[in-house]
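# Notes for the structure review
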Amino acid sequence: QENLPLSSNTPGITKECARLCKDQGADCPAFSIDYNGQRCFTLDRNTQGRGDDLVERDGSNYFEKICLRGKIENCRDKVWAFERVPGRKLEGFDDKIIDQVPNRRDCEEFCLSESSFPCLSADYNLVTLACSLSRETRRTQPDSFQPSRDTEYLENSCIATEQLSCPYKRTDNAYPRYLDTIVSRVTDDIACEKQCTFYEDFLCRSFAFYASASQCFISGDDTASAQDGALQSRPGTDYFERSCENIFSSVEETENIILDTETEQTAGQTLPQERRCTFGRLEYEKTTGYELIRAKPYRLYSRRDGGITGECASRCQADSKC
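Just so it is clear, the structure is predicted and the values come from calculations on it, not from any experiment.

## Structural notes on the overall build of the protein
Per the secondary structure count, the protein includes 5 helices and 16 strands. A buried classification covers 56% of the 322 residues belonging to the protein. Look at the contacts in the protein between residues 6 or more apart in sequence, and 80% of them connect residues 24 or more apart. With the model as given, the accessible surface of the protein reaches about 14,500 Å², and the carbon-plus-sulfur share is 44%.

Printed below as a string of structure tokens:
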């Protein structure tokens, strides 16, 4: 395994790793990050046709390229476009159901192009091929986020940061385990909160302020995505994450709409993403707490300071072996 040269010495390699993976084209269909060792790896395959190879692994995130078309302007310059959770669904909050959607990517595109309501998440059923769109998420309706063997939950990460008006809740003496980037020379926790609230490269879900070093730790994960593994103990560091749970249910205020797309856009599904993304844009799905087994990893980069996700993604794009 060999490290690749960094484009900068700035802490936080998540964005850089994503860029490098895209630069490598078809040689990097996916990459992973080991947050415990602060390393990222290119992978020689993705989950297409091998979904069972995606298994839970605490402290790791899996990023897969996906070709998105249509209304994708809000996804530009985002490190990842969707958060993906295998085997889960948001129960009872379907605002629109679209039948016979041939693949997960098309379901994500329907969410991005929805105009009658802000689509914040979608459920894709691998057996029935139904795509259910919702204005709610696992964070606004956590009690309705339920196991579902044949469904994948997809949360829209291309929304504007101002759409997240949730207040922050505090945990003392802790910091985010899934650390994506570090901002230095931050004066206090209020300034750190502003860094998170207005962070543009991805939706900042949580942050921590380390007063002794004037550092702000930024993460795209929280206890909703990483559960009990979201936090690590660290004296003198204050952890904050958004509290977005809705008090009132909207399930009775909406009516499901059933559409039928039949077998639209099924051709070429077995081709590599780069070969069938002529009219789209390659983005990433992030799957928190998972790894792809039986894939051959190739180390992109490691940094002991933490915050490597962007760097790993960009390195994967630029490395021909990724």
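## Regarding the pairing of strand β1 (residues 30-34)
With 5 of 5 residues buried, β1 lies mostly within the body of the structure. On β1, burial covers both faces: A30, S32 and D34 on one face and F31 and I33 on the other are all buried. Both β1 and strand β2 (residues 39-43) contribute to a ladder of 5 bridges, which runs antiparallel. Residue pairing across strands places A30 opposite L43, the latter belonging to β2. Turn length for the β1-β2 hairpin, with the two strands adjacent in sequence and antiparallel, is 4 residues, and the turn residue Q38 shows positive phi of about 50 degrees.

## Overview of the sheet that holds strand β12 (residues 215-219)
On the basis of which strands lie adjacent, the open sheet formed by 5 strands has the order β9-β13-β11-β12-β10 and antiparallel pairing. Pairing within the sheet leaves two strands with one partner each, and these edge strands are β9 (168-176) and β10 (181-183). Strand-to-strand, the axes of this sheet are offset by a mean angle of 30 degrees, without reference to chain direction. The sheet contact formed by strand β11 (residues 206-210) and β12 spans 5 bridges and is antiparallel. Paired with S206 across the strands is S219, a residue of β12. Along the sheet face, helix α3 (residues 189-197) touches β9, β10, β11, β12 and β13 (231-242) and points at about 150 degrees away from the line of β11.

## Points about the state of the cysteines
Going through the model one piece at a time under the given rule, you end up with 8 disulfides. Across the disulfide, C107 is cross-linked to C131 (sulfur-sulfur distance 2.1 Å). Classification of the bridge connecting C107 and C131 rests on its S-S torsion, roughly 80 degrees, and on that basis the disulfide is right-handed. Residue C107 is located in helix α2 (residues 104-113), and its partner C131 is located in strand β7 (residues 131-134); the two are separated by 24 residues in the primary sequence.

## A closer look at the packing of helix α1 (residues 14-23) against helix α5 (residues 309-318)
It is at 2 Å that the axes of α1 and α5 come closest, and there the two elements cross at 15 degrees. If you check the angle between α1 and α5, you find them roughly parallel. Crossing handedness for the pair α1 and α5: left-handed. Within the contact between the two elements, α1 uses T14, K15, E16, C17, A18, R19, L20, C21, K22 and D23 and α5 uses T309, G310, E311, C312, A313, S314, R315, C316, Q317 and A318. Classifying every residue of the contact of α1 with α5 by side-chain character gives 8 nonpolar, 5 polar and 7 charged.

## Quick notes on the packing of aromatic side chains
Here the structure, examined in full by the defined rule, presents 11 aromatic pairs. Between F31 and Y284 the ring centres are 5.3 Å apart and the planes differ by 90 degrees, which places this aromatic pair in the edge-to-face class. Here Y284 lies in strand β15 (residues 281-292) and F31 lies in strand β1, a separation of 253 residues in the sequence. Its relative accessible area of 0% is what places F31 among the buried residues. You can call Y284 buried: its relative accessible area is 0%. Between Y35 and Y178 the ring centres are 5.0 Å apart and the planes differ by 55 degrees, which places this aromatic pair in the tilted class. With Y35 in the loop between β1 and β2 and Y178 in the loop between β9 and β10, this residue pair connects regions lying 143 residues apart in the sequence. Y178 matches Y35 in its accessibility class, with the two residues each being buried. Against the face of Y175 rests R234, its NZ or CZ located 5.3 Å from the ring centre.

Parameters at a glance
Residues numbered from 1 in each chain as written. Predicted model: local features only at pLDDT ≥ 70, side-chain atom pairs only at ≥ 80, totals over all residues. Heavy atoms only, no water. Helix = DSSP H or I, 4+ residues; strand = E, 2+ residues; numbered from the N terminus. Buried < 20%, exposed > 50% of the residue type's maximum accessible area, 1.4 Å probe, protein only. Contact = heavy atoms within 4.5 Å. Areas by Shrake-Rupley, 256 points an atom, 1.4 Å probe, with all protein chains shown as cover. Pairing = 2+ DSSP bridges. Axes fitted to C-alpha atoms, helices over the stretch in contact; angles between N-to-C directions. Disulfide = S-S within 2.5 Å. Parallel < 35°, antiparallel > 145°, perpendicular 65-115°, else oblique. Left-handed = near helix turned anticlockwise from the far one by under 90°. Nonpolar A, V, L, I, M, F, W, Y, C, P; charged D, E, K, R; others polar. Phe/Tyr/Trp six-rings, centres within 6.5 Å; stacked < 30°, edge-to-face > 60°. Lys NZ or Arg CZ within 6 Å of the ring centre and 35° of its normal.

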